[in-house]
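Analysis of the macromolecular model
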Amino acid sequence: MENFSEIKKTEIFAEIAENDMQALAYCLKIKFRNYNKNEVIISPEQPFEDVVMLLKGGAKVEDIDTFGNVSLVTKLKAGDVYGIENIYSGEKVFSDYLTATENCLVMLMDRHRVVTPCQNRCKRHEIVVRNLMRMIVRRNSFLVEKLKLMSKKNTREKVLAFLNKQSERAGNNYFEIPFNKTELANYLSVDRSALSTVLSKLRDEGVIDFDKRHFRIIKNEEI
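A brief structural summary. Bear in mind the structure is a predicted one, so any value in this text is a computation, not a measurement.

Thresholds, definitions, all that
- Residues numbered from 1 in each chain as written.
- Predicted model: local features only at pLDDT ≥ 70, side-chain atom pairs only at ≥ 80, totals over all residues.
- Heavy atoms only, no water.
- Helix = DSSP H or I, 4+ residues; strand = E, 2+ residues; numbered from the N terminus.
- Buried < 20%, exposed > 50% of the residue type's maximum accessible area, 1.4 Å probe, protein only.
- Lys, Arg positive; Asp, Glu negative; His and termini not counted.
- Salt bridge = Lys/Arg side-chain N within 4 Å of Asp/Glu carboxyl O.
- Polar contact = N/O pair within 3.5 Å; in protein donor to acceptor, adjacent residues only side chain to side chain.
- Contact = heavy atoms within 4.5 Å.
- Phe/Tyr/Trp six-rings, centres within 6.5 Å; stacked < 30°, edge-to-face > 60°.
- Lys NZ or Arg CZ within 6 Å of the ring centre and 35° of its normal.
- Pairing = 2+ DSSP bridges.
- Axes fitted to C-alpha atoms, helices over the stretch in contact; angles between N-to-C directions.
- Core = buried A, V, L, I, M, F, W, Y, C linked by side-chain atoms within 4.5 Å.

Quick word on the side chain of Lys146
- Tracing the backbone through its elements, the reader meets Lys146 in helix H4 (residues 123–150).
- It is Asp63 that comes nearest to the buried, bridge-free Lys146 among opposite-charge side chains, at 8.7 Å.
- A polar contact is formed between the side chain of Lys146 and the backbone oxygen of Leu72, at a distance of 2.7 Å.
- If sequence neighbours within four positions are ignored, Lys146 has contacts with Ser71, Leu72, Val73 and Tyr187.

This is the structure in structure tokens:
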């Protein structure tokens, strides 16, 4: 099947045999599309007809309010899915921008076919639904985590909470974050200059050290 090697790398389809993919592609009305860097894949108010899976490249999810303020929701890498949280919510349109951060290959799955078992109630469809549910649970955990981050009182607390979580994920005090400085400011919903000031102060105080996206937590600080 077309692009099977990329599809096989994803969590959703890892257990599906190649000879089953053609039938599953028909069942889910799978389509493939290529996007160039900075091209908008999904925009707000666009009808929610397909679940989007990134097969190659990268993308970012952003919320832009009526005043033009940008908030980075998350970044996607190959294997990540966008729109799964909308499947069971009854949403009829997308609410955020999904934009390619590099040239990428995207797979679209019909939202109705994803949640509605085919007439044959095939095992391969059950596997996909089960794996999607697992991803939805993780996505909800991510949203709860970000909500806790946004509840911090000031920029310093947000930065420390974010860095501590990244260190925890890496299992090391030295780690790389997935954002540049502008993206991190948007993700934390803080002013970029205020973020730079806080980072510099934390380094001067010997709490952290960093070089671009690489960080090291030198001493833990209570938040």
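Things to note about the packing of aromatic side chains
- With the rule as written, the count across this model stands at seven aromatic pairs.
- Through pairs of rings, three or more aromatic residues link up here, namely Phe48, Tyr82 and Phe94.
- Over the aromatic face of Phe210 sits the side chain of Arg203, whose NZ or CZ is 4.1 Å from the ring centroid.

Considerations on the sheet that holds strand E10 (residues 208–211)
- Strand order across the open sheet formed by three strands is E9-E11-E10, with antiparallel pairing between neighbours. Looking at which strands have only one partner, the edges of the open sheet turn out to be strand E9 (174–176) and E10. Taking the axes of each pair of neighbouring strands and ignoring which way they run, one obtains an average angle of 20° across the sheet.
- Here E10 runs beside strand E11 (residues 214–217); their pairing, made up of four bridges, is antiparallel. When the sheet's bridge partners are listed, Asp209 is paired in E11 with Arg216.
- Relative to the sheet, helix H5 (residues 155–170) contacts E9, E10 and E11, its axis offset from that of E9 by approximately 100°.
- In the packing of helix H7 (residues 192–204) onto the sheet, contacts are made with E10 and E11, and the angle to E10 comes to roughly 125°.

Concerning the pattern of salt bridges
- Enumeration according to the criterion identifies twelve salt bridges in this entry.
- Of the charged contacts in the structure, one is a salt bridge between Asp20 and Arg124, with a shortest N-O distance of 3.5 Å. You can see Asp20 sitting in helix H2 (residues 18–28) and its partner Arg124 sitting in helix H4, a full 104 residues away along the chain.
- Among the ionic pairs, Glu145 bridges to Arg169, the shortest N-O distance being 2.7 Å. Pair noted here: Glu145 is in helix H4 and Arg169 is in helix H5, with a separation of 24 residues, a long-range link.
- Residue class for Glu145 comes out partly exposed when judged on its relative accessible area of 22%.
- Through salt bridges with shared partners, one network takes in Glu11, Arg134 and Arg138.

A closer look at the nonpolar core
- Residues Phe13, Ile41 and Leu98 are the most contacted members of the largest nonpolar core, which totals 42 residues.
- Of all the elements, strand E8 (residues 104–110) adds the most residues to this core, at six residues.
- Formed by 25 residues, the second largest nonpolar core is a distinct cluster that contains Val159, Phe162, Phe175 and Ile177.

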